Amino acid sequence: MKKFTLISVLAVAALAMLSVSCINRDYDTEDAKVTVDVPVNKTSELPPQTFLGMDDNQAVTPDDNGDLHYGSASETVTSTAEPGQPVSFESDLKVDMTDAPDVIKKSSGGVLTDPAVKLNIANPSSTPMYFSGKLSVDGSTPVLLPSVEIPAEKVVDLLFTPDISSPAEPADLFAPLPADLKSLLEKGMDQGMVLSDVTLTPKEGAKTSGMIKKADAPSQYSVSCQFVSPLSFVSGSVINISQTFSDLGFDLDKYVTGKLEFDVKFSGTNFLPFEVDLNAVSEQSNLTGKLSQKIPAAQGPEGTPFEALFVVKTLSTKTIINDVKLNIELKAMKTPSVLNIKEPFIITAESVKVIK
């Protein structure tokens, strides 16, 4: 009886081991996914300068209404001339745009509504002078600017603008910006622009020595050039910029580590007149991430509330989530779509669902 019992027990154990072996072949229990929801509840209220990475750019300033404007100037060049004689400026005026914010770069894809060129011209003589010059954008063929009369004994701001009847920037004098220059400037610049062949020609022609007043000694004339534009965009244009989770004020590395997938549940209110989309692709970290749905633009001063999931898959154990570049797409939903300091992007990371 004992012998039979022992044999039976051994047989049952063998069958059990065989069954487990079959189960492990069909379904690897170590690959089973376990879902963990971790509360975060971290809110970031991001004004446009922060959301779009312009906090440290001194060339971006708000006007009295809070609308953001950009301005980048050349150095001032000078030239001395005898009274009544034409004035030539040997040096070109270069406006460097390499440090401009991404939203205004040609590479970002946005289309500006009111790009303009502002000149500051000093005419110390007693004779009005006619300005002339050529402008090149990002190495393009120089375009002749319209000739404009500069008053005698004045320092003036002269604005070449797409719309003289409703200029977007203040100035003393206004002139039309040539259409081919507008089509270049509205796309932004990656390198900059160059004002060349600048001359000031007396309105009354050259004076004879007998006509020269005692006060009309040789005078020093000056010119500087500036690219100016409100951060205002044409409907349908899409701006592409890069930020990180750290830039947006979130520390997700506290919640996610190792080989895993995770979803971040976001909610918030969008006060910007732009539809917002996020995605991430990091070849170094073997990571992809995508927003489950686009965040709608604000429909009014009260903003538009939203909820969305950011779905991330990563196969790298060394991934630092906070430093992964997020590709942010902003689509202008009206003309003009203006960036205003009073219109933030408020986003809350409610929770992280970790799928191990």
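Conventions adopted
Positions within a chain are numbered from 1, following the residues in the order the chain's sequence is written. Totals for whole chains, interfaces and linings use every residue, but because this is a predicted model, local features are given only for residues with pLDDT of at least 70 and side-chain atom pairs only at 80 or more, for both listing and counting. Hydrogens and water are ignored here; the side-chain numbers use all heavy atoms of the structure. What makes two strands pair is DSSP finding at least two bridges between them. Starting at the N terminus, helices and strands are each numbered in turn, a helix being any DSSP run of H or I of at least four residues and a strand any DSSP run of E of at least two. To get an axis, a line is fitted to the C-alpha atoms, and for a helix only the part in contact is used. The angle between two axes follows their N-to-C directions and goes from 0 to 180 degrees. Centres within 6.5 Å make a pair out of two Phe, Tyr or Trp rings, where for Trp the six-membered ring is used; the pair is then stacked when the planes are under 30 degrees apart, edge-to-face when over 60, and tilted otherwise. Relative accessibility decides the category of a residue: with a 1.4 Å probe and only protein chains considered, values under 20% of the type maximum give buried, values over 50% give exposed, and everything between is partly exposed. Salt bridges are defined by distance alone: a side-chain nitrogen of Lys or Arg within 4 Å of a carboxyl oxygen of Asp or Glu. In this tally, Asp and Glu contribute negative charge and Lys and Arg positive charge; neither His nor the terminal groups of the chain are included. Between two residues, a contact is recorded if the distance between any of their heavy atoms is within 4.5 Å. By definition, pLDDT measures how confident the predictor is in each residue, and it falls between 0 and 100. Joining through side-chain atoms within 4.5 Å is the link that ties buried Ala, Val, Leu, Ile, Met, Phe, Trp, Tyr and Cys residues into a set, and such a set is a nonpolar core.

### Examining the sheet that holds strand β16 (residues 238-244)
In spatial order, the strands read β1-β23-β17-β20-β19-β18-β21-β16; together these eight strands make up an open sheet with antiparallel pairing. Among the strands making up the open sheet, the edge pair consists of β1 (35-46) and β16. Sheet twist, expressed as the mean angle between neighbouring strand axes with direction ignored, is 20 degrees.

### Quick look at the packing of aromatic side chains
All told, the structure shown has seven aromatic pairs when counted by the stated rule. With centroids separated by 4.5 Å and ring planes inclined at 15 degrees, the aromatic side chains of Phe51 and Phe345 adopt a geometry described as stacked. Of this pair, Phe51 sits in helix α2 (residues 48-51) while Phe345 sits in strand β23 (residues 345-355), placing them 294 residues apart in sequence. Grouping residues by exposure puts Phe51 and Phe345 together as buried. Each ring, one from Phe250 and one from Phe266, has its centre 5.7 Å from the other, and the planes form 50 degrees; the classification is tilted. With Phe250 in the loop between β16 and β17 (260-270) and Phe266 in strand β17, this pair connects stretches of sequence that are 16 residues apart. Grouping residues by exposure puts Phe250 and Phe266 together as buried. Ring pairing ties together the aromatic residues Phe51, Phe306 and Phe345, which thus form one cluster.

### Description of the pattern of salt bridges
For side chains bearing opposite charge, pairing can occur when the charged atoms are close. Scanning the model with the defined rule gives four salt bridges in all. Salt-bridge contacts for Lys203 lead to Glu149; the nearest nitrogen and oxygen are separated by 3.4 Å. With Lys203 in the loop between β13 (192-202) and β14 (219-230) and Glu149 in strand β10 (residues 148-150), the pair connects residues that are 54 residues apart, well separated along the chain. Looking at Lys203, the relative accessible area reads 43%, which means it is partly exposed. The exposure class assigned to Glu149 is partly exposed, which follows from its relative accessible area of 32%. Here Lys265 and Glu350 are joined by a salt bridge, their closest N and O atoms 3.6 Å apart.

### Considerations on the side chain of Lys105
Position of Lys105 relative to the elements: it lies in the loop between β6 (93-96) and β7 (116-123). No salt bridge forms around the buried Lys105; measuring N to O, its nearest opposite-charge neighbour Asp102 is 4.6 Å away. Sequence-distant contacts of Lys105, defined by excluding residues within four places in its chain, comprise Met97, Thr98, Ala100, Lys187, Gly188, Met189 and Asp190.

### Things to note about the confidence of the model for the chain
A low pLDDT score tells you not to read the predicted coordinates there in detail. Overall, the prediction assigns the chain a mean pLDDT of 87, with 85% of residues at 70 or greater. Contacts for the low-pLDDT stretch residues 1-32, under 50 throughout, to residues beyond four places or in other chains number two contacts. Contacts of residues 208-212 to residues separated by more than four positions or lying in other chains number two contacts, the stretch itself having pLDDT below 50.

### Describing the nonpolar core
Residues Phe51, Phe131, Phe160, Met193, Phe227 and Phe310 are the most contacted members of the largest nonpolar core, which totals 83 residues. The leading source of residues in this core is β23, at five residues. In this structure, Phe160 is in contact with Ala116, Val117, Leu119, Phe131, Leu145, Pro146, Val148, Ala175, Pro176 and Leu177, ignoring residues within four places of it in sequence.

### A few points about the environment of Ala59
Relative to the elements of secondary structure, Ala59 occurs in the loop between α2 and β2 (60-62). Between the C-alpha atom of Ala59 and that of Tyr70, which follows or precedes it by eleven residues, the distance is 5.5 Å.

### So, the environment of Met333
Within the element layout of this structure, Met333 appears in the loop between β21 (325-332) and β22 (337-338). Sequence separation between Met333 and Ala297 is 36 residues, and the spatial gap between their C-alpha atoms is 7.1 Å. Setting aside its immediate chain neighbours within four residues, Met333 contacts Ser235, Pro273, Phe274, Glu275 and Ala297.

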